[in-house]
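Topology and contacts: notes
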Amino acid sequence: MHDQLKSIGFAIAMCLVCGMLLTTAATALQEIQEKNQVNDRRKNILLAVDLVSREKTYTPDEISGLYQAYISKMRVSPDGDIVAPGMAAPGQQTMPIYLYTRGAEIRSYIIPIESQGLWGKIYAYMALENDGSTIAGFTVYKHSETPGLGGEIDTQWFQEKFEGKRIVDKQGNFVSVGIAKGDVEQRVPETQQPHYVDGISGATLTGSYLSQGLKKSLAQYEPLSLSFRKNSLKCRMQEAQPWCETDETEQN
Amino acid sequence: MKLSKTKAFKTFAGPAWTENPINMQMLGICSALAVTVQLKPAIVMALAMTFVVSFSNLIISAMRKIIPSNIRIIVELAVIASLVIVTDEFLRAYMYDVSKLLSVFVGLIITNCIILGRAEGFALSNPPHLAFIDGLGNGAGYGSVLIFVALIRELFGSGNIFGFSVVPQAFYDAGYEDMGIMLLAPAAFIIIGLMAWLQKYLTTRDEV
């Protein structure tokens, strides 16, 4: 009996000590870790539009400098209207969007992707050209897929395959972009090839979850893509109003 | 007394060479395959592992007389897990890029059989200073294999060392190509196999 009590007492003391240690470490380092995460997300946005290169390393200051110079974060309504942060009508649902601007021109827009994965959520960014249909870049910044299999989605070779793929077919209908099971050239009919990228062997499920997630996110932003496609919403950055209005509204 | 005859030296040199955890005992292979594509993550992993194994040995050895034997494995694991999580938190705060590369493998140090094996097999029956040195020796043994494998894989797989390209362009112009297999896990298997053979050959030759 005495031995058991001693064991229980020792276990409780152990839990307290370890718990305190871990709490201290986690809270003390939390601020720095969060800064790293913000910086990493910004770096991935810049990567998606080719403003930084994967081969080089960048200091956090360089990243935030580039980010502030070229990227602006906006909100977009479900109808595809861009609203500046804080300008949305009360109760209006808006989704985040990042615009890559050079001078007065919107070069591309970056959609945050939140997809189901095999083991957990996959977080990514997809940059689309200002024609509203061509993919400019794709980066995954957080996932919990199996390393070596599904985990390959965060590698350069996989993400580069997305560049130049199209989310609309020749008739201009939305088809999204998907991950093929295996090589695109062998598995996908030629007319469909612009909408598929090579799959990862051993990661069929990750691929199909990510395809679904991409389709869902791209469909949500489809109204915005549509207005880019119709009139190239590209060169209407105004000094006073740092967001875009479309010619479309006037023509209607 | 010569340095090489002291008990402390033997405690260090044993696991670092003659009882090398990877080459001789075939432990910790999983992480050795996974994190050795490039040198930088391999070195960080080796340091993290050395830190965890030496301090877990030290702490467990210091408590060895008061740990109730019926819950000793749980206590050992609690110590190891706490150390690993602290390491992981530090990496995330100060070496975010490397910690993303190492992903789950930092957390998986907990399940690395070298650490629990040393805690059970050495720390519980030896005084703290020897246990600490034993941890350092195991870390050195594990780390040196990791770094060596990573050096070979990065050099032949991508022509780089520490991310700097070292294979001259003239080689590529003359038809040299990087070995794709070096970037895949099976390459580490082959290299570790060859290293184990070499080390067994060298150590048995000494004895004869």
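Owing to the predicted nature of the structure, the values given are computational and were not obtained by experimental measurement.

Things to note about the overall build of chain B
Scanning chain B for helices and strands turns up 10 helices and two strands. Reading chain B from its N end, one meets helices and strands in the order α-α-α-α-α-α-α-α-β-β-α-α. Compactness check: chain B gives a C-alpha radius of gyration of 19 Å against a globular reference of 17 Å for 208 residues, within 12% of the reference. Viewed in the frame of its principal axes, chain B has a C-alpha envelope of about 65 × 50 × 30 Å. The proportion of buried residues among the 208 residues of chain B is 39%.

Some words on the overall build of chain A
What chain A contains, in helices and strands, is seven helices and eight strands. Counting across all 252 residues of chain A, residues that qualify as buried make up 31%. Considering only contacts in chain A between residues 6 or more positions apart, those separated by 24 or more positions represent 52%.

Observations concerning the pairing of strand β3 (residues 95-102) of chain A
Residue and element names in this part refer to chain A. Relative to β3, strand β1 (residues 71-76) is paired through six bridges, and the arrangement is antiparallel. Bridge pairing in β3 links I71 to Y100. Pairing geometry for β3 and strand β4 (residues 105-115), over five bridges, is antiparallel. Note on β4: the bridge partner recorded for Y98 is I110. Between β3 and β4, which pair antiparallel in sequence order, lie two residues; one of them, G103, sits at a positive phi of approximately 60 degrees.

Some words on the interface of chain B and chain A
Quoted interface sizes are often the accessible area lost when the parts come together. Residue-level contacts link 17 residues of chain B with 18 residues of chain A. At nine residues, helix α4 (residues 72-94) of chain B tops the list of elements feeding residues into the side of chain B that touches chain A. Across the side of chain B that touches chain A, the residue classes tally to 12 nonpolar, three polar and two charged.

With respect to the packing of helix α1 (residues 2-48) of chain A against helix α2 (residues 60-70) of chain A
Residues and elements named next belong to chain A. The interhelical angle for the contact between α1 and α2, taken along N-to-C directions, is 55 degrees, at an axis separation of 10 Å. As the angle between them shows, α1 and α2 are arranged oblique. Seen from above, α1 lies across α2 with left-handed handedness. Counting all contacts with α1, which are made through N39, R42, K43, I45 and L46, the residues of α2 involved are P60, I63, S64, L66 and Y67.

Quick look at the nonpolar core
The nonpolar side chains of soluble globular proteins are, as a tendency, buried together. By size, the foremost hydrophobic cluster in this structure holds 48 residues, and its most contacted members are B:M45, B:M49, B:V52, B:L146 and B:V149. Where this core is concerned, the elements lending two or more residues are α1 (7-18), α2 (29-34), α3 (39-62), α4, α7 (113-121), α8 (128-158) and α10 (185-207) of chain B. Among the elements that take part in this core, α3(B) stands out by supplying 11 residues, more than any other. A:A48, A:I111, A:M126 and A:L210 belong to the second largest nonpolar core, which has 47 residues in total.

Overview of the sheet that holds strand β2 (residues 82-83) of chain A
Residue and element names in this part refer to chain A. Strand order in this open sheet of six strands is β2-β1-β3-β4-β5-β6, and the pairing throughout is antiparallel. The sheet is open, and its two borders are formed by β2 and β6 (135-142), each paired with just one other strand. The strands touched by helix α5 (residues 204-220) within the sheet are β3, β4 and β5 (122-129), with β4 carrying the most contacts at an inclination of about 130 degrees.

Some details on unusual backbone geometry
A positive phi is found at A:S176, a non-glycine position, where the angle reads about 65 degrees. As for its placement among the helices and strands, A:S176 is situated in the loop between α3 (156-160) and β7 (178-179). Judged by local crowding, A:S176 falls into the partly exposed class, with 17 C-beta atoms found within 10 Å. Backbone geometry places B:M26, a non-glycine residue, at a positive phi of 55 degrees. Tracing the backbone through its elements, the reader meets B:M26 in the loop between α1 and α2.

Quick look at the environment of B:V86
All names here are of chain B. One can find V86 in helix α4. We classify V86 as buried; it has 20 C-beta atoms within 10 Å. A sequence separation of 17 residues divides V86 from S69, and the C-alpha atoms of the two residues are 26 Å apart.

Section: the pairing of β1(A)
One ladder, built from two bridges, connects β1(A) with β2(A); its direction is antiparallel. Bridge pairing in β2(A) links A:R75 to A:V83.

Remarks on the confidence of the model for chain B
Per-chain confidence: chain B averages 88 in pLDDT, with 98% of residues scoring 70 or above. Here strand β2 (residues 164-165) of chain B stands out as the element of chain B with the lowest mean pLDDT, 82, in contrast to α3(B), whose mean of 93 is the highest.

Describing the environment of A:N130
All names here are of chain A. Along the chain, N130 turns up in the loop between β5 and β6. The buried category is assigned to N130, around which 21 C-beta atoms lie within 10 Å. For the pair N130 and R107, spaced 23 residues apart in the sequence, the C-alpha separation amounts to 5.6 Å.

Basis of the calculations
Residues numbered from 1 in each chain as written. Chains lettered and ligands numbered in written order. Predicted model: local features only at pLDDT ≥ 70, side-chain atom pairs only at ≥ 80, totals over all residues. Helix = DSSP H or I, 4+ residues; strand = E, 2+ residues; numbered from the N terminus. Rg over C-alpha atoms; globule rule 2.2 N^0.38 Å. Buried ≥ 20, exposed ≤ 12 C-beta atoms within 10 Å, placed from the backbone. Contact = placed C-beta atoms within 7 Å. Pairing = 2+ DSSP bridges. Nonpolar A, V, L, I, M, F, W, Y, C, P; charged D, E, K, R; others polar. Axes fitted to C-alpha atoms, helices over the stretch in contact; angles between N-to-C directions. Parallel < 35°, antiparallel > 145°, perpendicular 65-115°, else oblique. Left-handed = near helix turned anticlockwise from the far one by under 90°. Core = buried A, V, L, I, M, F, W, Y, C linked by C-beta atoms within 7 Å. pLDDT = per-residue confidence, 0-100.

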